[in-house]
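# Chain and residue survey
Next come the chains, spelled out residue by residue.
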Amino acid sequence: MNWPRALLTDSGGFQMVSLLHLADITEKGVTFQSPVDGKPMLLTPEESIQIQSRIGADIIMALDDVVRTTITGPRIEEAMYRTLRWIDRCIAAHKRPHEQNLFGIVQGGLDPVLRDICVKGLVDRNLPGYAIGGLAGGEDKDSFWRVVAQCTAALPEDKPRYVMGVGYPLDIVVCSALGADMYDCVYPTRTARFGTALVPEGVLKLKHRAMADDIRPIDPTCECMVCKNYTRAYIHCLVTKDAMGSQLLSYHNLYYMMKLSRDLNSSIIQGQFPEFVCKFLQKMFPKGDVPEWVCNAMEVAGIDISSCCAPFTTSQD
Amino acid sequence: MALRFEILGRFNRARAAQLTLPHFVCQTPLFMPVGTQGTIKGLATNQLEEIGCQIILGNTYHLALRPTSELIDELGGLHKFMNWPRALLTDSGGFQMVSLLHLADITEKGVTFQSPVDGKPMLLTPEESIQIQSRIGADIIMALDDVVRTTITGPRIEEAMYRTLRWIDRCIAAHKRPHEQNLFGIVQGGLDPVLRDICVKGLVDRNLPGYAIGGLAGGEDKDSFWRVVAQCTAALPEDKPRYVMGVGYPLDIVVCSALGADMYDCVYPTRTARFGTALVPEGVLKLKHRAMADDIRPIDPTCECMVCKNYTRAYIHCLVTKDAMGSQLLSYHNLYYMMKLSRDLNSSIIQGQFPEFVCKFLQKMFPKGDVPEWVCNAMEVAGIDISSCCAPFTTSQD
């Protein structure tokens, strides 16, 4: 693909479960119907690692037994323990440890006890990095941040922590405040294809008729090629009707995410992180209506955001 | 008149010229990509500049529907709206109506059609077309012509030719920005040399800044095609640009340039890209073909474009028809190919190397020497000796 920088591959497990009609998880691995010819197939931890070995990414992910956080019951515990058994099979199958970094994935649903067992189990295996999985699947935000906070508190200090499937800029800022390092999500590019741009205030819907004669760029503060060259009116004209609209919005949205990454990094290094967080929240919540889950998370993170929160009213998030 | 046309080199009928337009100084022969509705599908304007694109075409019909010419005008014209600092040409809107709309009909007043938005009956007159194009603000605007496909025969062709002449006067009268926009007339007349001659003379009498040869590139046989182009280029003024509308295939562009044409437009390079086909010196390369799946060569090893310098056939094969990026990369390469062809035509004529260029071009495309007969005939009229690339005649001829 002509990409000279770093690559990360996932294990393949999640897509199977989320995309395929008849995928099923057993101790052996993920059984599914081949979408090509309908034949029964099996993705084992060994097979996943072997495939990822051939692809050659810098970071590879263990095959985990992932369940959505909206599920309850014994399945969650089963999945967590199986994830630990599978990590050993992944480690054994991993033939290129000097070229590829195998990350383990913490499961356990929203149950702090299960999450704790999983973290300890993975840390025992002394992996190069750890992911927090099973989130970003529809759970309420209050549960979400608490799981992230627990895991980042328990995972080793000196290794990268990757929250899978996150996501929204606000979520990334909160998780970073809580000690996470890496994120991934289809959101910025997918929402671009629906005509939505990421801006400091939140989102801008380019399809809206008000955009038709708006000659401002998507974001007047943004330095990207799209904002420096095209107006909202032009992009409005294209979105959903011409692929160029999606291209330009995807470019802007990813630039936005890259800038967010740089700003998080540099504000922390320069000792300006709380100021950055406050500015970020002020732009997104100019009336001071910062959601309660964010306030709670920032409290645990030890970041004073009182300057951007309006005093509590009865209408809370 | 808002252009200067300066011929800098010749080989017989072929010319290399500098065409100075309000927004850009262009070198001809040149190919204009079609940016139908304010964008070239798959390329941002900085990429168009990167590949050396000088002038692009916008379709008045599509732009008038979305986002409307009034809005474009309000926002400062199409150049500003789509962030294209170089030259623009808009067509009249007439052709799309006739080719796209179910119930379009041509009367002396103009083109009557059903609005695709709400089904209401509408009328595009020469005056309205010029006004819309005035709002869009292109460097070159096209007269509304009565265009019939060359595959039609009978009195309709003559009617259309004379109507085109009557309409050019209405276009001229309606043209309020002659110092900023150049109104080109379009030669019609089907495949009939008598009608074509009358039309050329009529348009030349109006002393327009440039002339297009219309009504071709619609399915006529190649032998008829080149003969009409040859007749028109011979009769049109030397010192004004000649634009063959709807052309096209690289081979057709080389032949028409040999015959004395300067400008071309076609959706072909970008459309064929979206079907997975790349333009290469040998002709075309179909990236969908299974043989491409593990071919690690670039599309064209001799091509210097961003795509050929960075991606393999195997990678593009993997994307084509499944991911928009496949179309994007192929569109980029194909337009680069057309821009390079334009540059090569211009420079080979200026350097006195035009026949050599034509021969090399034909040799790559027809390595067995099976150059189609129509090309041989056209090159003979153009006074270009291509015998070195033609195999002796066999019974199987094109």
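Predicted model, so just to flag it, every value in this text is computed and none were measured.

One open sheet accounts for three strands, arranged β7-β8-β9 (chain B); its pairing is antiparallel. Looking along the sheet, the strands with just one partner apiece sit at the ends: β7 (105-106) and β9 (121-124) of chain B.

Taken residue by residue, a regular strand's side chains alternate between the two faces of the sheet. Residue and element names in this part refer to chain A. Residues Gly129 and Ala131 point to one face of strand β7 (residues 129-132) and Tyr130 and Ile132 to the other, with burial holding for every one of them. In this structure, strand β6 (residues 101-106) lies alongside β7, joined through four bridges in parallel fashion. Directly across from Val106, in β7, lies its bridge partner Ile132. Pairing geometry for β7 and strand β8 (residues 161-163), over three bridges, is parallel. Bridge pairing in β8 links Ala131 to Tyr162. Handedness of the crossover is the feature at issue here: the chain leaves β7, passes through helix α5 (residues 141-154), returns alongside β8, and the resulting connection is right-handed.

What follows deals with α5(A). Residues and elements named next belong to chain A. The first and last C-alpha atoms of α5 sit 20 Å apart over 14 residues, in line with the 20 Å expected at 1.5 Å per residue. Turning to α5, its buried residues are Ser143, Phe144, Trp145, Val147, Val148, Ala149, Cys151 and Thr152. Packed against the buried residues of α5 are β6, α4 (112-124), β7, β8, α6 (169-177) and α12 (292-301).

The next point concerns the nonpolar core. In terms of nonpolar packing, the biggest core is built from 137 residues, with Leu362(B) and Ile386(B) touching the most fellow members. Among the elements that take part in this core, helix α14 (residues 324-350) of chain B stands out by supplying 11 residues, more than any other. The contacts of Ile386(B), once residues within four sequence positions are left out, are Val358(B), Cys359(B), Leu362(B), Val371(B), Val375(B), Cys376(B) and Met379(B). Counting 68 residues, the second-largest nonpolar core is a separate cluster that includes Ala79(A), Ala93(A), Leu127(A) and Tyr187(A).

A word on the packing of α6(A) against helix α11 (residues 273-284) of chain A. Residues and elements named next belong to chain A. For the pair α6 and α11, interaxial distance at closest approach is 11 Å and the crossing angle is 155°. Viewed along their axes, α6 and α11 adopt a mutual orientation that is roughly antiparallel. The handedness of the crossing between α6 and α11 comes out as left-handed. Touching Pro169, Leu170, Val173, Ser176 and Ala177 of α6 are Phe273, Phe276, Val277, Phe280, Leu281 and Met284, all from α11. Looking at the contact of α6 with α11, its residues break down into 10 nonpolar, one polar and no charged.

On to the pattern of salt bridges. Side chains that differ in sign of charge can pair as their charged atoms come close. All chains considered together, the criterion is met by 37 salt bridges over all chains. Of the charged contacts in the structure, one is a salt bridge between Glu27(A) and Arg82(A), with a shortest N-O distance of 2.8 Å. Residue Glu27(A) is located in the loop between β2 (24-25) and β3 (30-33), and its partner Arg82(A) is located in helix α3 (residues 74-93); the two are separated by 55 residues in the primary sequence. Among the salt bridges present, the one from Arg135(B) reaches Glu70(B), with a minimum N-O distance of 3.5 Å. With Arg135(B) in helix α6 (residues 126-136) and Glu70(B) in helix α3 (residues 69-74), this residue pair connects regions lying 65 residues apart in the sequence. With a relative accessible area of 16%, Arg135(B) lands in the buried category.

With 22 residues of chain B at the contact, the number on the chain A side is 16 residues. Both sides of the chain B and chain A interface together cover about 1,600 Å² of buried area, and 56% of this is carbon and sulfur. The interface formed by chain B and chain A contains zero salt bridges. Connecting chain B to chain A are four residue pairs in polar contact (both at pLDDT 80 or more). Of all the secondary structure elements, the ones that give two or more residues to the side of chain B that touches chain A are α1 (45-50), α3 and α4 (78-82) of chain B. Partitioning the side of chain B that touches chain A into residue classes produces 10 nonpolar, nine polar and three charged.

Another point: the sheet that holds strand β12 (residues 210-213) of chain B. Residues and elements named next belong to chain B. In space, the eight strands of this open sheet follow the order β4-β14-β13-β12-β11-β10-β6-β5, with parallel pairing throughout. The strands lining the two open edges of the sheet, one partner per strand, are β4 (30-33) and β5 (55-58). Here the strands of the sheet are splayed against their neighbours by 25° on average, with no regard to which way each runs. Summarising the sheet, strand β10 (residues 140-142) and strand β11 (residues 182-187) pair through three bridges and their orientation is parallel. When the bridges of β11 are listed, Ile140 appears paired with Asn182. Most of the contacts of helix α8 (residues 193-205) go to β11, to which it runs at about 160°, and overall it touches β11 and β12.

Moving on to the pairing of strand β8 (residues 111-114) of chain B. All names here are of chain B. Side chains of β8 alternate between two faces, with Val111 and Phe113 buried and Thr112 and Gln114 left unburied. With two bridges joining them, β7 and β8 adopt antiparallel strand pairing. Opposite Ile106, over in β8, you have Val111 as the bridge partner. Following β7, the chain reverses through four residues before pairing antiparallel with β8. Bridge count for β8 against β9 is four bridges, and the pairing is antiparallel.

Procedures and definitions
Residues numbered from 1 in each chain as written. Chains lettered and ligands numbered in written order. Predicted model: local features only at pLDDT ≥ 70, side-chain atom pairs only at ≥ 80, totals over all residues. Heavy atoms only, no water. Pairing = 2+ DSSP bridges. Helix = DSSP H or I, 4+ residues; strand = E, 2+ residues; numbered from the N terminus. Buried < 20%, exposed > 50% of the residue type's maximum accessible area, 1.4 Å probe, protein only. Right-handed = clockwise from strand over helix to strand, strands pointing away. Expected span 1.5 Å × (residues − 1). Contact = heavy atoms within 4.5 Å. Core = buried A, V, L, I, M, F, W, Y, C linked by side-chain atoms within 4.5 Å. Axes fitted to C-alpha atoms, helices over the stretch in contact; angles between N-to-C directions. Parallel < 35°, antiparallel > 145°, perpendicular 65-115°, else oblique. Left-handed = near helix turned anticlockwise from the far one by under 90°. Nonpolar A, V, L, I, M, F, W, Y, C, P; charged D, E, K, R; others polar. Salt bridge = Lys/Arg side-chain N within 4 Å of Asp/Glu carboxyl O. Buried area = accessible area lost by both parts, 1.4 Å probe. Polar contact = N/O pair within 3.5 Å; in protein donor to acceptor, adjacent residues only side chain to side chain.

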